[in-house]
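Structure assessment
The residues making up each chain are set out below.
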Amino acid sequence: MIRRLLQSKLLSHYVRDLSAVVGSVILLIVLFGAIFAPLIAPQDPYDPKILSLQDSLTPPIWMKGGQAPFLLGADDQGRDILSTILYGCRTSFFVGSSVILIAGTIGVTVGLLAAFYSGILDAVTMRIADTFFSFSTTLMAMLLLGIFKGGGIPLVILAIVIADWVRYARTMRGSVLGVKEDDYIQAARACGGSNLRIMIRHILPNAIPPILVVAAVDFGAVVMLEATLSFLGVGVPINKPSLGMMISLGKNYIYAGKWWLIIFPGIALISIVLGINLLADWLREELNPRLGQRQQ
Amino acid sequence: MKRIPLLVMMGILIFGLVGVLSVSGVAKDTIVVAVGAPPQTMNPHGSDSDCNLGVVANIFEGLLQRDTGGTLLPALATSWERVNELTWRFHLRQGVKFHNGNDFTWEDVKYTMERLRIPYPVSEFLAFGGLIVSIETVEGNPWIIDIVTTTPTSYFDQNLHQVFIMDKESTESRSTGEIGEYPIGTGAYKFVEWIKGSYLKLEANEDYWDGPPSVKYAELRPVTEPSTRVAAIATGEVDILQDIPVELFDIVAKNANLEVVTRPARRSIWLGLRNEPGFPTSDIRVRKAMYMAINEDEIIEKVMFGHAFPCTQIPDPPTVGYDASIERLPYNPEMAKQLLAEAGYPDGFKIKFTGPNDRYVRDEQIAQALASQLAKVGIEVELDTKPKAVYFPEMDEHGLDFYLLGWFDGSYDFGRSFTKLLHSVDAEAGFGGLNGSSYKSIALDRLLEASAEIVDPALRGETLRLLNKVAMQEKIAIIPLHYQEDSYAVYKGRGISFTPRSDTWIVFKEMSIK
Amino acid sequence: MFAYIVRRIAQSFIVLLAVSLICFAIFQFMGDPVLTLAGRYATQAQQDQVRKTLGLDRPFYTQYFSFIANAIRGDFGLSYVTQVPVLRLIFERLPASIELAITAMFLSLFLGITLGVVSSLKPHSLGSRVIMTGSLFGISLPTFLVGILLILVLAVSLRALPPFGRGRVIKVIGNWRTGFVTIDGLRHLILPALTLGMYQLAVLLRLTRGGMLEALQEDYTRTAWAKGLSQRIVMFKHALRNVLIPVVTIAGLQMGELIAFSIVTESIFQWPGSGNLLLTSIYETDHPVIVAYVMITALIVLTINIFIDILYGILNPKISYD
């Protein structure tokens, strides 16, 4: 697998592809901020003991009325915007990676089994997948969270996973069907390899590249989805950090000229999604042989 | 190249159509009011929330009505008296017609009062309906009726402005859905059209018994989003805006096109606390400590943007039982910590707070501010805020530890308020229906029951004041926060005359256009 | 072909049944409807009476069958909150949603394909790069943020367009009120339609561009290119037509996404459509409305999917339906 990646001159292409570099730099900056938020954030915005209403709606530090340590200003509860953004990005990354890991594992397994054994199993799972797919991930997650309220971040992850796993199952099924009849699989089978062994050793590695592309695009989509759900008030609860929630809160002040409540979390959110989309674009071109040929 | 003329033609067609249809501008005989909370149903007994009552009051009428200041006046009854402890006599207005042409008779009153008791299709006046034993004509005269109650109910008439009389014939013959959607009343306005979430259109009732109202057409638009409400009035899309969002108040006030009208609201916002033995908050010292840990001035300044007034008790000054001598406990976090230590909680404790997030002005922000202030004396508040549609049913189960409620008594009677809010829960007797934490004080219950038996209004008022004072100062039955401020913005230069009502109802017949 | 269509419809029918079963289970087990229906102050005895009146004390399967029977007749019961028939509540709001969705769809198809084609002609020109960067932002901005930013810039700062509502609407027939025919209505439509269409636009743009780039590499196009202008146009049209099939298919299949994002858009612009109704009903736990909305959405999405499948078959004779 690693050899294959290296063979495709991934690294040298990566350096040559400006947008991929830009994307990963943006992403790394935000990721760094999110991971080390407790260390670098000026305050813990979700510790009620240290919040003070006296700081509420402080503008960014370079504006009239701005004051340290509120670099990017404060919200209406006196939370430091920069800190809240850092903690919010943590939530974004946590939800994003949890979902792609869980949904990815479920989807890959289901897709692999369905394609490998075909027949009834395949028909049923793909019918379910079709149904899920036509409803759209966003709508399903929204409905699930609307009906089962108040479960916090784990429930948000669960709802998105339920709505999202089919994406992986379909992709996986497609690529497994593509390689299933290949000679070397037949050869492995002829050598008496067990089904499990064939699946894991031979089929899985070949089907992984498209899954990686899907996962990359999906990560951005999940981050957006979490923000959207929190914005609508069905996602992350009020006392947990979320970029979507911040923007929803700032919306109330949209006519009061308190733009920093929206713009900064907005920039953070766009950075994450844009960063991952730039990377995904590059990954897609690298791993898609047809497009790759065109480039050369 | 062939397609372009087609496009041009389509363009001309569309804009021609637009031109023709947009000639008829907005009529000058219409008043459009934007409100924060949409009416939920046109079934006049289907909701007892003021935002619903205040809207259906245009279409329906009670036996009595209230003017803008809250004074009780005749409506479908021309006069009324309390004949004895249990009996109330009403002289009904003659010659009144429902909007469908049916005559208003005593049968309609009887039917309405009996309908209040039927839980399905939804009546939120079950307790009031349960008070009524019989409705009979006096000596066979169909225009004089006696209503007999189960227990002496001194505030019985005080509630009749919000018990709307329905037409017996059309209510019986129509389905629940139709009743909830197409109201037929005797009010100054007839129902025209209701697009839920968009608008409710009304038209003047030319046959109204008090003469046709001055404004021909009335329109009510629910705009739930605070910032959108401001946009609606700033662009002149609506004539009157109810509930200026406090966070955007200055922007509205600075707008030269708008006139701002405010008045202290009748509604108080306060916190309920469980006092079941074993709970930290059953200790009076803990209750005092929580009271003293809350910096209400800061909440008013920073959360309410100055648009609220500290309160010391649940009722507002005009209510029977209001006591001006009650004072707030001072804000004193040090003392609060000391009291907590004395009560055996030197490191504080954990408590779950439940509250609405779409009901009162800045309710969710108040909750967060409380959590932060209480955290500073060591009390860790777990916030659980939810939409009112979820919160209120939960409150009705009386299982909350710490909750926020806003209250004003439409009948101006603290006795009635206490019965609903703080009397120990007794579902059969209809006590403590809104007692969210099953608060229980036998001493207070006794005081209330004593007051209920007093017929002399002055003496009864005295007893209720005492009840109030004991509840607030000795028992800390609740922690009062503030009275809200009612605010309205009126678009200038349209000749609209508008006086806000103490009960926040939007009554179009009181408005006029010059 | 005919057998295929029948099979598709049968499949969709099963899916609908499954959806209805899930919906009904939610309806049954998420909170006791009697508590809401009987009113907040009802006693236990009164609640029991209501339960009996409504047949809610019968076994699950009996109730499910009567639910299905009622649903087929278009009866989804009364909304808990407004006490009004649910279906009427939704149909009243549907025109607003459909107008918004159609406008957004049209915008994204028209602009998406045009810009996609333009950027594929000279893929390395400055204009193409600007378009591609724009499209990257288009797929990276969540719908709600697009809406908020549009309001912030165009409505609040520049005061160019109205920030909420539908403006003046005119009754066409029955419950259908349109905002298409008044200037006010059209002005109100612009921002929400842009918000809703933005993501789709970017997706379709990228799809069209990718497809065009590929098609223009093919030999027959190159030959045509070499032969001169008129031929070039012919082949260009040919290439575009080949690209349009998947683009339109994807656009149709994204209907579910469009509905989902219309909920967000309607909420931001206080658009009086069915999406806004769904959101309010979610907040208010008005289960009958949620259930009916889901069933109707399922019906719409499945119908569209069948149509697209058929259309795809007609456009692309290479597909065989066995």
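Residues numbered from 1 in each chain as written. Chains lettered and ligands numbered in written order. Predicted model: local features only at pLDDT ≥ 70, side-chain atom pairs only at ≥ 80, totals over all residues. Heavy atoms only, no water.

Another point: the overall build of chain B. Across its full length, chain B holds 16 helices and 19 strands. Relative to a compact globule of 514 residues, whose C-alpha radius of gyration would be 24 Å, chain B shows 25 Å and is just as compact. By principal-axis analysis of the C-alpha atoms, chain B measures approximately 85 × 80 × 40 Å. For chain B, the residues scored as buried account for 58% of the 514 residues in total. Taking the contacts inside chain B whose residues are at least 6 apart along the sequence as the reference set, 68% of them involve residues at least 24 apart. Summing over all exposed atoms, chain B offers an accessible surface of approximately 19,900 Å²; the carbon and sulfur share of this is 54%. In chain B, 50 side chains carry a positive charge and 70 a negative one; their mean positions are 4 Å apart. (Helix = DSSP H or I, 4+ residues; strand = E, 2+ residues; numbered from the N terminus. Rg over C-alpha atoms; globule rule 2.2 N^0.38 Å. Buried < 20%, exposed > 50% of the residue type's maximum accessible area, 1.4 Å probe, protein only. Contact = heavy atoms within 4.5 Å. Areas by Shrake-Rupley, 256 points an atom, 1.4 Å probe, with all protein chains shown as cover. Lys, Arg positive; Asp, Glu negative; His and termini not counted. Charge placed at Lys NZ, Arg CZ, Asp CG, Glu CD.)

This part covers the overall build of chain A. When its secondary structure is counted, chain A shows 13 helices and zero strands. If you list the helices and strands of chain A from N to C, you get α-α-α-α-α-α-α-α-α-α-α-α-α. Carbon together with sulfur atoms contributes 67% to the accessible area of chain A, which is approximately 12,600 Å² in total. For chain A, the separation between the mean place of its 23 positive charges and that of its 18 negative charges on side chains is 4 Å.

Residues Lys388(B), Val390(B), Tyr391(B), Phe392(B) and Met395(B) constitute the buried set of helix 13 (residues 388–395) of chain B. In this structure, the buried residues of helix 13 of chain B make contact with strand 14 (350–356), strand 15 (380–386) and strand 16 (402–407) of chain B together with helix 12 (274–283) of chain C.

Facing 19 residues of chain A, the contacting portion of chain B comprises 26 residues. Interface of chain A and chain B: buried area, both sides summed, is about 2,000 Å²; carbon and sulfur atoms make up 54% of it. Its largest share of buried area at the contact with chain B, chain A owes to Leu53(A), Asn252(A) and Tyr255(A), together 30% of the area lost on that side. Summed over the shared surface of chain A and chain B, the number is two salt bridges. The partner of Glu225(B) in a salt bridge is Lys251(A), with the nearest N and O atoms 3.0 Å apart. At the surface where chain A touches chain B, the tally comes to 10 residue pairs in polar contact (both at pLDDT 80 or more). Its residues placed into classes, the side of chain A that touches chain B shows nine nonpolar, six polar and four charged. (Buried area = accessible area lost by both parts, 1.4 Å probe. Salt bridge = Lys/Arg side-chain N within 4 Å of Asp/Glu carboxyl O. Polar contact = N/O pair within 3.5 Å; in protein donor to acceptor, adjacent residues only side chain to side chain. Nonpolar A, V, L, I, M, F, W, Y, C, P; charged D, E, K, R; others polar.)

We now examine the environment of Val470(B). Residues and elements named next belong to chain B. Following the sequence through the fold, Val470 ends up in helix 16 (residues 457–474). For the pair Val470 and Thr499, spaced 29 residues apart in sequence, the C-alpha separation works out to 37 Å. With residues up to four places along the chain from it excluded, the contact list for Val470 reads Leu444, Leu447 and Lys475.

Attention now goes to the sheet that holds strand 5 (residues 87–92) of chain B. Residues and elements named next belong to chain B. If you trace the four strands from one edge of the open sheet to the other, you get 4-5-7-6, paired in antiparallel fashion. Edge positions in the sheet fall to strand 4 (77–82) and strand 6 (132–138), since each has one partner strand and no second. Strand-to-strand twist of the sheet, defined as the mean angle between neighbouring strand axes without regard to direction, takes the value 20 degrees. By the bridge criterion, five bridges tie strand 4 to strand 5 in an arrangement that is antiparallel. Among the inter-strand pairings, Arg82 is bridged to a residue of strand 5, identified as Trp88. Here helix 3 (residues 106–115) sits on the sheet and contacts strand 5, strand 6 and strand 7 (141–149); the angle it forms with strand 6, its principal contact strand, is near 175 degrees. (Pairing = 2+ DSSP bridges. Axes fitted to C-alpha atoms, helices over the stretch in contact; angles between N-to-C directions.)

This paragraph deals with the nonpolar core. Leu63(B), Phe90(B), Met113(B) and Phe508(B) are the most contacted members of the largest nonpolar core, which totals 224 residues. Element by element, the count of residues in this core is highest for helix 10 (residues 195–232) of chain A, at 18 residues. When near neighbours in sequence (up to four residues on either side) are disregarded, Leu63(B) contacts Pro74(B), Ala75(B), Leu76(B), Ala77(B), Phe90(B), Leu92(B), Val109(B), Met113(B), Ile147(B), Leu160(B), Val163(B) and Ile165(B). Residues Phe392(B), Phe402(B), Leu467(B) and Ala471(B) belong to the second largest nonpolar core, which totals 65 residues. (Core = buried A, V, L, I, M, F, W, Y, C linked by side-chain atoms within 4.5 Å.)

Quick look at the environment of Cys311(B) now. All names here are of chain B. With respect to the secondary-structure elements, Cys311 resides in the loop between strand 13 (308–310) and helix 11 (333–342). Given a relative accessible area of 1%, Cys311 falls into the buried group. When the C-alpha positions of Cys311 and Arg89 are compared, they lie 37 Å apart, and in sequence the two are 222 residues distant.

Contacts between the two partners involve 40 residues from chain A and, on the opposite side, 44 residues from chain C. Taken together, chain A and chain C are joined by one salt bridge. Linking Asp281(A) and Arg206(C) is a salt bridge whose minimum nitrogen-to-oxygen distance equals 2.7 Å. Only helix 6 (119–135), helix 7 (137–147), helix 10, helix 11 (243–251), helix 12 (260–287) and helix 13 (289–295) of chain A provide two or more residues apiece to the side of chain A that touches chain C. A total of 11 residues in the side of chain A that touches chain C trace back to one element, the largest contributor, which is helix 12 of chain A. Tallied by class, the residues present in the side of chain A that touches chain C amount to 22 nonpolar, 11 polar and seven charged.

Another aspect to go through is the pairing of strand 10 (residues 217–222) of chain B. Here strand 1 (residues 30–35) of chain B pairs with strand 10 of chain B via six bridges, running parallel. Bridged to Val32(B) within strand 10 of chain B is Glu219(B).

Okay, the packing of helix 12 of chain A against helix 6 (residues 126–140) of chain C next. Their axes nearest at 9 Å, the elements helix 12 of chain A and helix 6 of chain C cross at an angle of 120 degrees. By the criterion of interaxial angle, the relationship of helix 12 of chain A to helix 6 of chain C is oblique. Where helix 12 of chain A crosses over helix 6 of chain C, the two elements pack in a sense that is right-handed. Contact residues: Ile270(A), Val273(A), Leu274(A), Asn277(A), Leu278(A) and Asp281(A) in helix 12 of chain A; Leu136(C), Phe137(C), Ile139(C) and Ser140(C) in helix 6 of chain C. Split by residue class, the contact of helix 12 of chain A with helix 6 of chain C holds seven nonpolar, two polar and one charged. (Parallel < 35°, antiparallel > 145°, perpendicular 65-115°, else oblique. Left-handed = near helix turned anticlockwise from the far one by under 90°.)

Residues and elements named next belong to chain B. Tracing the backbone through its elements, the reader meets Ser47 in the loop between strand 1 and helix 2 (50–56). Only 3.2 Å separates the side chain of Ser47 from the backbone nitrogen of Ser49, close enough to count as a polar contact. Among residues more than four places away in sequence, those in contact with Ser47 are Gln40, Thr41, Asn52, Leu53, Glu124 and Phe125.

Pairing between side chains becomes possible if they bear opposite charge and their charged atoms approach one another. For the structure shown, the criterion picks out 39 salt bridges over all chains. One salt bridge in this structure joins Arg362(B) and Asp76(A), with 3.3 Å as the shortest N-O distance. In this pair, Arg362(B) is assigned in the loop between strand 14 and helix 12 (363–375) and Asp76(A) in the loop between helix 4 (37–40) and helix 5 (81–117), connecting two distinct chains. Exposure class is identical for Arg362(B) and Asp76(A). Each is buried. Residues Glu219(B) and Arg221(B) are paired through a salt bridge, measuring 2.9 Å at the closest nitrogen-oxygen approach.

Together, Phe32(A), Ile35(A), Phe36(A), Leu39(A) and Ile40(A) make up a nonpolar patch on the protein surface, roughly 510 Å² of accessible area in all. Positionally, Phe36(A) belongs in the loop between helix 3 (18–35) and helix 4. (Patch = residues over 30% accessible without salt bridge, like charges linked within 9 Å, V, L, I, M, F, W, Y side chains within 5 Å.)

Another aspect to go through is the packing of helix 12 of chain A against helix 7 (residues 143–157) of chain C. Axis separation between helix 12 of chain A and helix 7 of chain C bottoms out at 11 Å; the angle between their running directions is 145 degrees. For helix 12 of chain A against helix 7 of chain C, the interelement crossing comes out left-handed. The segment helix 12 of chain A lies against helix 7 of chain C, with Ile262(A), Ile263(A), Gly266(A), Leu269(A) and Ile270(A) engaging Phe144(C), Leu145(C), Ile148(C), Leu149(C) and Leu152(C). Taken together, the residues that form the contact of helix 12 of chain A with helix 7 of chain C break down as nine nonpolar, one polar and no charged.

Residue and element names in this part refer to chain B. When the pLDDT values of chain B are averaged, the result is 90; 94% of them are 70 or greater. Note that residues 13–27 has pLDDT below 50 and, in this model, 11 contacts with residues that lie over four places away or in other chains. Two summary scores accompany this predicted model of the complex, namely pTM at 0.88 and ipTM at 0.87. (pLDDT = per-residue confidence, 0-100.)

Let us now look at the pairing of strand 6 of chain B. Alignment of strand 6 of chain B against strand 7 of chain B, held across six bridges, turns out to be antiparallel. Bridge assignment links Ile135(B) to a residue of strand 7 of chain B, and that residue is Ile147(B).

Moving on: unusual backbone geometry. Trans peptide bonds make up most of the peptide bonds, and negative phi angles are found at most residues other than glycine. The residue after Ala68(A), namely Pro69(A), is reached through a cis peptide bond having omega 0 degrees. Along the chain, Pro69(A) turns up in the loop between helix 4 and helix 5. Positive phi, close to 55 degrees, is recorded for Phe305(B), a residue that is not glycine. With respect to the helices, strands and loops of the structure, Phe305(B) is situated in the loop between helix 10 (296–303) and strand 13. Owing to a relative accessible area of 26%, Phe305(B) belongs among the partly exposed residues under this scheme. We note that Thr504(B) has phi near 65 degrees; this positive angle belongs to a residue other than glycine. Its location among the elements puts Thr504(B) in the loop between strand 18 (496–497) and strand 19 (512–513).

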